[in-house]
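What follows is each chain in one-letter form.
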Amino acid sequence: MEIKRRHVWKSYDWHGNDGLQNLNYCPACGTKCEQAFQGGRDRPVCPACGFVYYKNPYPGVVVIIQDRDKILLGKRAEGSFQSGKWCLPGGFIEYDEDFLTSAIREVKEETNLEIEIQSILNVSSIFHSPELHTLVVTLVARVVEGVPRPGDDLDELRWFSYNDRLPEMAFPADEYVLENYDGLKRISLPVNTSITSEQGVEQKIT
Ligand SMILES: [Zn+2]
């Protein structure tokens with residue numbers, strides 16, 4: 001069955017790639033894994049301890065930091081993936097973080113800015129390579145405090161006006177959200193601060 005993919009950006013040819021089943025040894029006990037049909041498809045399974053390797057995309061966040069008619073972009077540092085090209089600040093979500101906390105942390109690391117997240121703009125599946133698929137949430141934020149200073153895998157920051165031509169972008173999904181920013185903003189979700197959870201307390205939606 002042909003799967004119709006939506007909200008997907010690919011940077012490699014999906015067809016003919018078998019990079020999905022690439023765990024040779026069990027991370028729990030070290031036994032050589034075998035392929036077995038589990039949960040609807042073949043996956044690496046450990047014959048000794050029963051561990052099943054479910055390979056899933058990595059979740060990440062990127063942030064459109066807006067100041068009046070300007071948006072902050074970062075240039076990717078030498079040695080980083082897609083170096084020399086531009087991107088929205090962001091990164092991967094740590095296991096113990098909610099995605100908003102992750103966005104605030106990543107922006108602080110990469111731009112030195114304290115931000116307030118205002119809305120959830122878009123969600124994209126991005127297939128960077130057979131080894132790396134991500135699910136990226138695009139957020140909109142405003143600066144609360146700080147002077148922009150590049151850090152982590154960015155070596156330059158620059159404010160671009162909406163009307164400026166975009167520089168060469170590292171990721172097509174960033175390009176898409178910037179080019180369609182006005183339309184996406186009209187249908188974006190506000191950040192609901194009533195959804196909260198203290199550590200160890202079940203989340204309640206009221
Ligand atoms: Zn095992």
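Preceding this section is the structure that the text describes.
Computed from a predicted model, the values in this text were never measured in an experiment.

Visitor: Describe helix H2 (residues 172-179), naming the residues involved and giving the relevant values.
Guide: Every buried residue of H2 is accounted for by Ala-173, Asp-174, Val-177 and Leu-178. Across the axial projection of H2, the buried residues extend over an arc of 135°, all falling on one side.

Visitor: Kindly report on the packing of aromatic side chains, identifying the contributing residues and their values.
Guide: All chains considered together, the criterion is met by three aromatic pairs. Plain terms: the ring middles of Tyr-58 and Phe-92 are 6.1 Å apart, the flat faces sit at 70° to each other, and that makes the pair edge-to-face. Of this pair, Tyr-58 sits in strand S4 (residues 58-67) while Phe-92 sits in strand S7 (residues 90-92), and the two are 34 residues apart along the sequence. Residue classification places Phe-92 among the partly exposed positions, given a relative accessible area of 42%. On the basis of an interplanar angle of 25° and a centroid distance of 6.2 Å, the ring pair of Phe-81 and Phe-171 is categorised as stacked. With a gap of 90 residues between them, Phe-81 in the loop between strand S5 (70-76) and strand S6 (86-87) and Phe-171 in the loop between strand S10 (154-161) and H2 connect regions that are remote in the sequence. Taking the relative accessible area as the measure of exposure, Phe-81 reaches 48% and is therefore partly exposed. Taking NZ or CZ as reference, Lys-32 lies 5.4 Å from the ring centre of Tyr-25, over its face.

Visitor: Which residues make up the coordination of the zinc ion, and what are the values?
Guide: Here the zinc ion is held by Cys-26 (SG), Cys-29 (SG), Cys-46 (SG) and Cys-49 (SG), and the distances to it run 2.3 to 2.4 Å. Taken together, the four donor atoms coordinating the zinc ion span angles of 100 to 120° at the metal, a pattern that classifies the geometry as tetrahedral. Here the donor residues for the zinc ion map to a single chain with the spacing C-x2-C-x16-C-x2-C. Of this pair, Cys-26 sits in the loop between strand S1 (8-10) and strand S2 (34-38) while Cys-46 sits in the loop between strand S3 (41-45) and S4, and the two are 20 residues apart along the sequence. Across the pair, Cys-46 and Cys-26 agree in class, each one buried.

Visitor: Please set out unusual backbone geometry residue by residue, giving values where relevant.
Guide: A positive phi angle, near 60°, is found at Gln-82, a position not held by glycine. Checked against the element boundaries, Gln-82 lands in the loop between S5 and S6. Here Asp-152, not a glycine, exhibits a phi torsion of approximately 60°, which is positive. Tracing the backbone shows Asp-152 in the loop between strand S9 (132-145) and S10.

Visitor: With reference to specific residues and values, describe the pattern of salt bridges.
Guide: Opposite charge on two side chains permits pairing when their charged atoms draw close. Enumeration according to the criterion identifies eleven salt bridges in this entry. Across the pair Arg-105 and Glu-106 runs a salt bridge whose closest N-O atoms are separated by 3.2 Å. Overall, the relative accessible area of 22% leaves Arg-105 in the partly exposed class. Looking at Glu-106, the relative accessible area reads 7%, which means it is buried.

Rules behind the numbers
Residues numbered from 1 in each chain as written. Predicted model: local features only at pLDDT ≥ 70, side-chain atom pairs only at ≥ 80, totals over all residues. Heavy atoms only, no water. Buried < 20%, exposed > 50% of the residue type's maximum accessible area, 1.4 Å probe, protein only. Helix = DSSP H or I, 4+ residues; strand = E, 2+ residues; numbered from the N terminus. Arc of directions from axis to C-beta. Phe/Tyr/Trp six-rings, centres within 6.5 Å; stacked < 30°, edge-to-face > 60°. Lys NZ or Arg CZ within 6 Å of the ring centre and 35° of its normal. Donors = N, O, S within 2.8 Å, 3.2 Å for Na, K, Ca; no water. Tetrahedral: all angles 85-135°; square planar, octahedral: opposite > 155°, others 65-115°. Salt bridge = Lys/Arg side-chain N within 4 Å of Asp/Glu carboxyl O.

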